[in-house]
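# Structural overview for review
So you can see what is in the structure, the chains are spelled out below.
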Amino acid sequence: MQMKLKITVVAAIAAAAGVAMAQETVVKIGHVAPISGAQATYGRDNENGALMAVDDLNAAGVVIAGKKVKLQLVAEDDAADPKQGAAVAQKLCDAKVNGVVGHLNSGTTIPASKIYHDCGIPMVTPSATNPNLTKPGYKTTFRLLANDNSLGAGLAFYAADTLKLKRIAVIDDRTAYGQGVADIFKKTAASKGITIVDEQFTTDKAVDFMAILTAIKGKNPDGVFFGGMDAQAGPMLRQMEQLGLNNVKYFGGDGICTQDLIKQSAGAKTLENVICAEGGASLAKMPGGVAWKARYDAKYPGQFQVYSPYVYDAVNVIVDAMKRAGSADPKVYLPKLAETNYKGITTNVQFEPNGELKNPAMTIYTYKGGKKAALN
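Residues numbered from 1 in each chain as written. Predicted model: local features only at pLDDT ≥ 70, side-chain atom pairs only at ≥ 80, totals over all residues. Heavy atoms only, no water.

What follows covers helix H7 (residues 210-217). Of all the residues in H7, the buried ones are Ile 212, Leu 213 and Ile 216. Seen end-on, H7 carries its buried residues on one side only, within an arc spanning 100°. Looking at the buried side of H7, the elements it contacts are strand S7 (167-172), strand S8 (195-201), strand S9 (223-227) and helix H8 (230-242). (Buried < 20%, exposed > 50% of the residue type's maximum accessible area, 1.4 Å probe, protein only. Helix = DSSP H or I, 4+ residues; strand = E, 2+ residues; numbered from the N terminus. Arc of directions from axis to C-beta. Contact = heavy atoms within 4.5 Å.)

Looking now at the packing of helix H10 (residues 289-299) against helix H11 (residues 308-325). Running from N to C, H10 and H11 point in directions that differ by 100°, and their axes come no closer than 11 Å. The pairing of H10 with H11 is recorded here as roughly perpendicular in orientation. Across from Trp 292, Arg 295 and Tyr 296 in H10, the residues of H11 making contact are Ser 308, Pro 309 and Tyr 312. Taken together, the residues of the contact of H10 with H11 sort by class into four nonpolar, one polar and one charged. (Axes fitted to C-alpha atoms, helices over the stretch in contact; angles between N-to-C directions. Parallel < 35°, antiparallel > 145°, perpendicular 65-115°, else oblique. Nonpolar A, V, L, I, M, F, W, Y, C, P; charged D, E, K, R; others polar.)

A separate point is the domain arrangement of the protein chain. Each assigned domain of the protein chain is listed here: domain 1 (25-146 + 285-361) and domain 2 (149-279). If you average the C-alpha positions of domain 1 and of domain 2, the two centres end up 29 Å apart. Contact with domain 1, which involves 21 residues of that partner, is made by 18 residues of domain 2. With both chains or domains summed, domain 1 and domain 2 bury close to 1,500 Å², and 52% of this area falls on carbon and sulfur atoms. When the buried surface of domain 1 facing domain 2 is broken down by residue, Tyr 42, Gln 305 and Val 306 rank first, second and third, together holding 27% of it. Where domain 1 touches domain 2, the interface holds zero salt bridges. Linking domain 1 with domain 2 are six residue pairs in polar contact (both at pLDDT 80 or more). A per-element tally of the side of domain 1 that touches domain 2 places helix H4 (residues 106-119) first, with three residues. Residue composition of the side of domain 1 that touches domain 2, grouped by class: twelve nonpolar, nine polar and no charged. (Domains from an automatic or database assignment. Buried area = accessible area lost by both parts, 1.4 Å probe. Salt bridge = Lys/Arg side-chain N within 4 Å of Asp/Glu carboxyl O. Polar contact = N/O pair within 3.5 Å; in protein donor to acceptor, adjacent residues only side chain to side chain.)

Another point: unusual backbone geometry. Across the junction of Gly 102 and His 103, the peptide omega takes the value 0°, indicating a cis bond. Secondary-structure assignment places His 103 in the loop between strand S4 (99-101) and H4. Of note in this structure, Lys 164 is not a glycine but carries a positive phi near 60°. On the secondary structure map, Lys 164 appears in the loop between helix H5 (148-162) and S7. Residue Lys 164 is classed as exposed on the basis of its relative accessible area, which comes to 57%. Within the chain, Asn 359 stands out as a residue other than glycine whose phi angle is a positive 50°. For Asn 359, the position within the fold is in the loop between strand S13 (348-349) and strand S14 (362-368).

Looking now at the layout of surface pockets. Roughly 190 Å³ of volume is contained in the largest pocket. If you go around the largest pocket, you meet 13 residues; those closest to its centre are Gln 259, Leu 283, Phe 304, Tyr 365 and Lys 372. Each residue belonging to the lining of the largest pocket can be placed in one class, and the counts come to seven nonpolar, three polar and three charged. (1 Å grid on protein atoms, 1.4 Å probe; cavity = no way out; pocket = protein on both sides within 12 Å on 5 of 7 lines; lining within 4 Å. Points joined across faces, edges and corners; volume = space filled by probe spheres on them.)

What follows is about the nonpolar core. Ranked by size, the top nonpolar core spans 68 residues in total, and within it Ile 168, Phe 185, Phe 225, Phe 251, Val 315, Met 322 and Leu 337 carry the most contacts. Split by domain, the residues of this core number at least three in each of domain 1 (25-146 + 285-361) and domain 2 (149-279). In this structure, Ile 168 is in contact with Ala 159, Phe 185, Ile 194, Thr 195, Ile 196, Val 197, Asp 198, Asp 222, Gly 223, Val 224, Phe 225 and Phe 251, ignoring residues within four places of it in sequence. Judged by nonpolar contacts, the second largest core, of 26 residues, contains Phe 209, Ile 212, Met 240 and Leu 271. (Core = buried A, V, L, I, M, F, W, Y, C linked by side-chain atoms within 4.5 Å.)

And the structure:
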């Protein structure tokens, strides 16, 4: 009799658990970044930010329309390749994810944004900065930081007004991001009276820049602007030192403005000539930056780069819109996403009608003593 009672109790508990599991709604959040290839350090940092947000939200308990839901991250790798990015976007559409955070690069985000628009899934990019992203006017596209108009122009103003430079060479990697930020810098610098002494091009796979740097050296610049990523900027800085370009300032956008640039430049003295810009406030000036970073470092030691705080906020912004709408259905919560007023760790998030962030901050950095330091 006692054995039968035990079996009955166990069966009842199992049945109750089964009912609870059946009642639990799963909400899928897609995330896309380069987890393979030269930009994998960025991608892992972004994915960590998404995982941390999902873990925190699940631990706190997410309730939508009176029902508890479980968030699930559906993480994909686009390898910073536009074709792979488009394929992954379609995969997430087919999987019927409820929202997407990503992509990291402008070159992958711009084509992916049309796919998400066509299948009606909202996307919030934490890092793609090319202004062309929001030009089509897709109501499903949102950006959580300043675009290249702010970054490129801000660096040009700094070069002209603060450093009083007169002759700058421009290099870009021909990607949507690199070319975009370089064009803005070039136009703004010229408007400030700076002479663009040379323009050179490379790729986002290159590692040998001696030919273009030798050509630039012959033009006697006092600055070089590079539109591209840290995987190219590091070797370029080493080669600039080899060519004796030790007194030339080196500018770049958020693509080079990473912790990993310190390692990529491998002790080159030219690292201290770097002036780079990120969209957003420095961690110390973010509303919740310092405390969040301490938690991140405890969970993912040595992996922080740039964008994970924005990824964390992007996940929370999407879920906040779902909660306010009382639905995880993209069609239902999309209008609430556009009306976001969310106190995040990076900033108070609000969007312009075109999906751009309202009142975006920008921070200029340099590297001193092997450490990244904010200049404003």
